[in-house]
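Architecture and fold: a report
Listed below are the residues making up each chain.
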Amino acid sequence: MEWIGLITAATFRSPGKALERDLQSGSLQSALEQLAKQHELTPPRLPRAPLSELQAAYTRLFAANPAGLPAPPYAAYALDDQLMGKAQEALEAFYSEHGLAPRDGWRDLPDHLSALGEAIALLANPNPEAARALAFGYLKPWLERYVDVIAKEDTTGFYATVCTLLKNVLEAEDEAQS
Amino acid sequence: MKLNRRRFLTLSAASVGALAFTGEARAFRAPWAAPQKWYEGEVKTVFSYCENCFWKCGIAVKVAGGRVRKIDGQPANPKSRGRLCPRGQAGVAQLYDPDRLKRPLIRIDGSSRGDGKYREASWEEALDYIAERMLGIKEKYGPEAIAWFGHGSGDKWFVEYLPAAWGSPNAAKPAVSICTAPRETASQWTFGRPIGGHEPVDWTETRYIVLIGHHIGEDTHNTQLQDFSEALRLGAKLVVVDPRFSTAASKANRWLPIKPGTDLALLLSWIHVLIKENLFDREYIKKYTVGFEELAVHSNKHTPEWAEKITEIPAETIRAVAREMAAARPRAVIPPGRHTVWYGDDTQRMRAVYILNTLLGNYGVPGGFYLAKPPYLEKYPHPPFPLEPAAGGCSGSSGGEEELPEGFKPRADKDKFFAKTTAIQELIEPMLTGEPYPIRGLVAYGVNLFHSIPNVPRTKKALKGLDLYVAIDVLPQEHVMWADVVLPECTYLERYDDLVGIAHKTPFIELRQPAVEPLWDSKPGWWIARELGLRLGLEEFFQWKDIEEYLNTRLELIGSSLAEMKEKGTLIQRGRPYLKDWERRRRNPFRTPSRKIELYSKTFADHGLDPLPEFTPPMPVPAGFYRLLYGRSPVHSFAKTQNNWILMELNPENEVWINRHEGEAIGVQHGEYVWIENDTGVREGPVRVRLTERIRNDCVYLVHGFGHKSRGERLASGRGASDNALQTRYVLDPISGGAALRNNFVKIIKGAPRPKHKHIGQLARERRL
């Protein structure tokens, strides 16, 4: 679960120097490969895109788009279509129940996918069941709803690649459990 | 490469910093425990004022669990009296609108304006980017080369404070030249006083009301509507003059379906009857006015029979109404209305409205107009700005000579018309032509450029040629996504604004304060203005460290404090509503050159303008076309609220009103979708047809604000037709600078497809609202 959380957090954070470093060093590619292998999936190859293109794609997909935002990056919103709604209240309660709280400097909603990914990663070792509950209760429904949209709209291929892998991994996990 | 997860977390993009362990895990709730209703827990009430229209109702915001749950009216507030309209109550849906702008955006290098290609940026980068380019423009062209447009309560920072500090006279609001400019200019040069944002009609004391093209009941200005209803309950008679059987007309004793564009002829004939039949208030005229003799001579020719031919209202009806209003005087009133830019002779029409009221002896008298007084409030003691703000406002200054400090250029629209407030539509041309000097940059705050300024293609062309275009807004409206830099402002429920002083029967001050913290990385306007000002080298005007210090300083200067205002929300002062109140203090309320009500305006004559109103026919309607009229929906404000779930469920699209017989003659059916095309070929729609007897056969009608093109506003997009898009022509009122918009002509084109939108109710249910 930790890799799922880390990759989610890295992917859905607004792209900047850190992501550029991860891509140039190959560490994100390596992380994807390890995650894929753990679940006997074919490791995907991350497309090479300059940071400026990733920033444009991220903004278009997740932040602001004159043609309508294809994939609002809010896990609770994907569940009940309400910003600050019941699903988000439940997520905040879940964080709180597991000793997590948004940091003061965090300028987004607590169900943003990068925050959710961080929560999954943070909980993965001390409380694997809680991490799993977040991954299956919040991340997987979001991916199921938006992965096709992202595949269609992502001009870089980066977000489509990562989202497809994450969705396949969670489905494989689910299958393994059942 | 084998990765260590800890190391990846520490060093990589995965280290988001959104969450942290607090060391305290809260106990699990028992799964069987019933969820608590928000109102059963701790509920905080925050006093503020509404922004969902511009009536500025005092609101009481209910906050529980860090979320705004409900918005009520402030009981002690004179603008709301504890009640709110649907827009006020629906503010929660705007706050939690997922389509909101969330963080600053910078247009991607190499993309064009209108492509909508952006990257996220930090506030520091975005503000530095803007400041660098603004200073570059100033260096090359001068400070006047930056124009500032604004709409809404927060626009104070962007059309008054910053432009005046920066040194640009080119600051403008659609609320002036696309709305109230004629009535304000006319009022200043007749009474020497403004009308103001809260029209000072003494509704509940009046016994006879004549509404001319007035939107009351359709613009839902809260207490105005309360008072209007009360007046009718108390037995006031109502006459409505309108080509359309409006909501107000449905309550009226008489509906006069006037031929569009001829209202001034009707007003002049009423003046004629009052004078010729000796029905006017002779004592009042003698005591308070100048120019009656000239008016009497002037009105000789304006017989009801003359007016009948022009207005299509029978002469006998004209006479009957004049006699009825005279019988009720001084408790008879012709309210000024609000949106008064109609045909191009608008200041003269408004002058006629005021002259008629004056003949009834009602100005400053119970049952007529009360004398609204602004509250006592001091400015923040910053050094004097190099320029006076020129944008004006609902009650802004509107005429007279201008003194220009040395080293500064006059407004780019100066000399095009008489008034001294800017006309927003006249600042577009210098962006295109560079005449009389270039405007190379634009800061647009909260103003919907493509839904307010006529001739949208011209506006788009002008935007494309600018060196810098900055948009500050809450939602990604179409024009916003043309900007070089987009700055996301937080909503009115998340911010402070400057104090607002309401001129009223009982003057009062309202506080806007945040009910909750701003969502995402949005910021309040005051903060954006201050940070930009500091980067532009305007530190001397921003010596206050934050808005609380600024507000508290202003309030302490009048013996109050921010703490008191936060607790009360509204600070009410004593008014001086009637002439007798002024006379008791030996004061003169009329700030005209003659210090009297000017029936005849010598100032106008000196400037080559008609000193008395004269009727000029409107532009004729071409054969095969209809005059396009437009108005308001009671649950929407302009083009600002069409992405609000709650309001869109109540009114999801506009319809084109067509006279039933006319519709049948041209073969359209009630409920079918059509295109509307104007006489320059601009096409709008699809829009649904409403066949009705409630409109004349020479015009069609649309509610303003629909027909959004930005798909970034998912609810608003593509619903209905935009009247503004069809308004490619306007006639400039040579006195006020108003853009007269009822000079556009349209035809109905059959065969438009029915839009494939989900029903709002269905969307709302899916969203479990």
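Residues numbered from 1 in each chain as written. Chains lettered and ligands numbered in written order. Predicted model: local features only at pLDDT ≥ 70, side-chain atom pairs only at ≥ 80, totals over all residues.

**Topic: the overall build of chain A**
Looking only at helices and strands, one finds nine helices and one strand in chain A. When the elements of chain A are put in sequence order from the N terminus, they spell out α-α-α-α-α-α-β-α-α-α. For chain A, whose C-alpha radius of gyration is 15 Å, the value lies close to the compact-globule estimate of 16 Å for 178 residues. In terms of overall dimensions, chain A has C-alpha extents of about 40 × 40 × 30 Å along its principal axes. Taking all 178 residues of chain A together, the buried fraction comes to 54%. Excluding contacts between residues fewer than 6 apart, the proportion of contacts in chain A whose partners are at least 24 apart in sequence is 65%. (Helix = DSSP H or I, 4+ residues; strand = E, 2+ residues; numbered from the N terminus. Rg over C-alpha atoms; globule rule 2.2 N^0.38 Å. Buried ≥ 20, exposed ≤ 12 C-beta atoms within 10 Å, placed from the backbone. Contact = placed C-beta atoms within 7 Å.)

**Points about the overall build of chain B**
Scanning chain B from terminus to terminus reveals 25 helices and 28 strands. Rg of the C-alpha trace for chain B: 27 Å, near the compact-globule value of 27 Å for 769 residues, within the 12% margin. C-alpha atoms of chain B, sized along the principal axes, occupy 100 × 65 × 60 Å. The proportion of buried residues among the 769 residues of chain B is 58%.

**Let's talk about unusual backbone geometry**
Residue and element names in this part refer to chain B. The residue after Arg329, namely Pro330, is reached through a cis peptide bond having omega 5 degrees. Within the fold, Pro330 resides in the loop between helix 12 (315-328) and strand 13 (332-333). Of note, the bond from Gly685 into Pro686 is cis; its omega dihedral lies within 30 degrees of zero at 0 degrees. Inspection of the secondary structure puts Pro686 in strand 24 (residues 683-692). Even without glycine at this site, Arg586 takes up a positive phi of about 55 degrees. When you line up the elements, Arg586 lands in the loop between helix 20 (579-584) and strand 20 (597-598). What makes Arg586 exposed here is the crowd of 6 C-beta atoms within 10 Å.

**Considerations on the interface of chain B and chain A**
Facing the 47 residues of chain B at the interface are 53 residues of chain A. Every element with two or more residues in the side of chain B that touches chain A is listed here: helix 1 (5-11), strand 1 (19-21) and strand 6 (118-120) of chain B. Partitioned by chemical class, the residues of the side of chain B that touches chain A number 23 nonpolar, seven polar and 17 charged. (Nonpolar A, V, L, I, M, F, W, Y, C, P; charged D, E, K, R; others polar.)

**So, the packing of helix 8 (residues 263-276) of chain B against helix 12 of chain B**
Residue and element names in this part refer to chain B. As a packed pair, helix 8 and helix 12 sit with axes 9 Å apart at the nearest point and diverge in direction by 60 degrees. Taken together, the axes of helix 8 and helix 12 lie oblique to each other. Classified by chirality, the crossing of helix 12 by helix 8 is right-handed. Residues Leu266, Ser269, Trp270, Val273 and Leu274 of helix 8 form the contact with helix 12, whose participating residues are Ile318, Arg319, Val321, Ala322 and Ala326. When grouped by side-chain class, the residues that make up the contact of helix 8 with helix 12 number eight nonpolar, one polar and one charged. (Axes fitted to C-alpha atoms, helices over the stretch in contact; angles between N-to-C directions. Parallel < 35°, antiparallel > 145°, perpendicular 65-115°, else oblique. Left-handed = near helix turned anticlockwise from the far one by under 90°.)

**With respect to the sheet that holds strand 19 (residues 570-572) of chain B**
All names here are of chain B. Reading across from one edge, 17-18-19 is the order of the three strands in this open sheet, with antiparallel pairing throughout. A single partner strand is all that each edge strand has here, and the edge strands are strand 17 (500-502) and strand 19. Across the sheet, the mean angle from the axis of one strand to that of its neighbour is 20 degrees, orientation sign disregarded. Examined bridge by bridge, strand 18 (residues 508-510) and strand 19 share three bridges and lie antiparallel to one another. Considered in strand 19, the bridge of Glu510 is made with Thr570. (Pairing = 2+ DSSP bridges.)

**A look at the domain arrangement of chain B**
Residue and element names in this part refer to chain B. Examined at the domain level, chain B breaks down into domain 1 (105-179 + 374-572), domain 2 (201-370 + 586-603) and domain 3 (626-766). Placing the centre of domain 1 and that of domain 3 at their C-alpha centroids yields a distance of 30 Å. Those elements that place two or more of their residues in the side of domain 1 that touches domain 3 are helix 6 (174-190) and helix 15 (449-452). Tallied by class, the residues present in the side of domain 1 that touches domain 3 amount to 10 nonpolar, nine polar and four charged. (Domains from an automatic or database assignment.)

**Topic: helix 8 (residues 128-153) of chain A**
Residue and element names in this part refer to chain A. Where helix 8 bends most, the angle comes to about 45 degrees, and this point is Tyr146. Residues of helix 8 that are buried include every one of Ala130, Ala131, Leu134, Ala135, Tyr138, Leu139, Lys140, Trp142, Leu143, Tyr146, Val147 and Ile150, and no others. The inward-facing, buried residues of helix 8 abut helix 1 (2-12), helix 4 (51-63), helix 5 (75-80), helix 6 (86-97), helix 7 (113-124) and helix 9 (158-177). (Bend = angle between axes of the 7 residues up to and from the residue.)

**So, helix 8 of chain B**
Over its 14 residues, helix 8 of chain B runs 20 Å from end to end, which matches the ideal 20 Å to within 8%, given 1.5 Å per residue. Asn278 of chain B occupies a position one or two residues after helix 8 of chain B and carries a positive phi of about 55 degrees. (Expected span 1.5 Å × (residues − 1).)

**Observations concerning the environment of Glu531 of chain B**
Among the secondary structure elements, Glu531 of chain B is positioned in helix 17 (residues 525-535). Its 20 C-beta neighbours within 10 Å are what place Glu531 of chain B among the buried residues.

**Quick look at the packing of helix 1 of chain A against helix 7 of chain A**
Residues and elements named next belong to chain A. Remark: helix 1 packs on helix 7, axes separated minimally by 7 Å, with the N-to-C direction vectors making an angle of 155 degrees. Classified by the angle their axes make, helix 1 and helix 7 are roughly antiparallel. For the pair helix 1 and helix 7, the sense of crossing is left-handed. Contact with helix 1, carried on its side by Glu2, Ile4, Gly5, Leu6, Thr8, Ala9 and Phe12, involves Leu113, Ser114, Leu116, Gly117, Glu118, Ile120, Ala121 and Ala124 of helix 7 and no other residues of that element.

**Concerning the sheet that holds strand 4 (residues 67-73) of chain B**
Residue and element names in this part refer to chain B. A sheet is described by the order of its strands in space; here three strands give the open sequence 2-3-4, paired in antiparallel fashion. This sheet does not close on itself; its edge strands, each paired only once, are strand 2 (44-49) and strand 4. Neighbour-to-neighbour, the strand axes of this sheet turn through a mean angle of 30 degrees, independent of strand direction. Examined bridge by bridge, strand 2 and strand 3 (residues 58-64) share six bridges and lie antiparallel to one another.

**A word on the environment of Arg103 of chain B**
Mapped onto the secondary structure, Arg103 of chain B falls in the loop between helix 3 (91-95) and strand 5 (105-107). Take Arg103 of chain B: there are 22 C-beta atoms within 10 Å of it, and that puts it in the buried class. Between the alpha carbons of Arg103 of chain B and Ala623 of chain B there is a distance of 51 Å; along the sequence they are 520 residues apart. Setting aside residues no more than four positions away along its own chain, Arg103 of chain B makes contact with Ala63 of chain A together with Glu120, Pro488, Trp520 and Asp521 of chain B.

**Side note on the pairing of strand 28 (residues 745-749) of chain B**
The two faces of a sheet get side chains in turn, since along a regular strand they alternate between them. All names here are of chain B. The pairing of strand 21 (residues 626-631) with strand 28 spans two bridges and is classified as antiparallel. Its bridge partner lying in strand 28, Tyr626 is registered against Val746. As judged from the four bridges shared by strand 23 (residues 673-678) and strand 28, these two strands associate in the antiparallel manner. Paired with Trp675 across the bridge in strand 28 is Ile749.

**Comments concerning the pairing of strand 24 of chain B**
Residue and element names in this part refer to chain B. In terms of strand pairing, strand 22 (residues 655-659) meets strand 24 through five bridges, oriented parallel. Bridge pairing links Val656 to Val689 in strand 24. Here strand 23 pairs with strand 24 via four bridges, running antiparallel. Its bridge partner lying in strand 24, Ile676 is registered against Glu684. What sits between strand 23 and strand 24 in their antiparallel hairpin is a turn of four residues, with Gly681 showing a positive phi close to 95 degrees.

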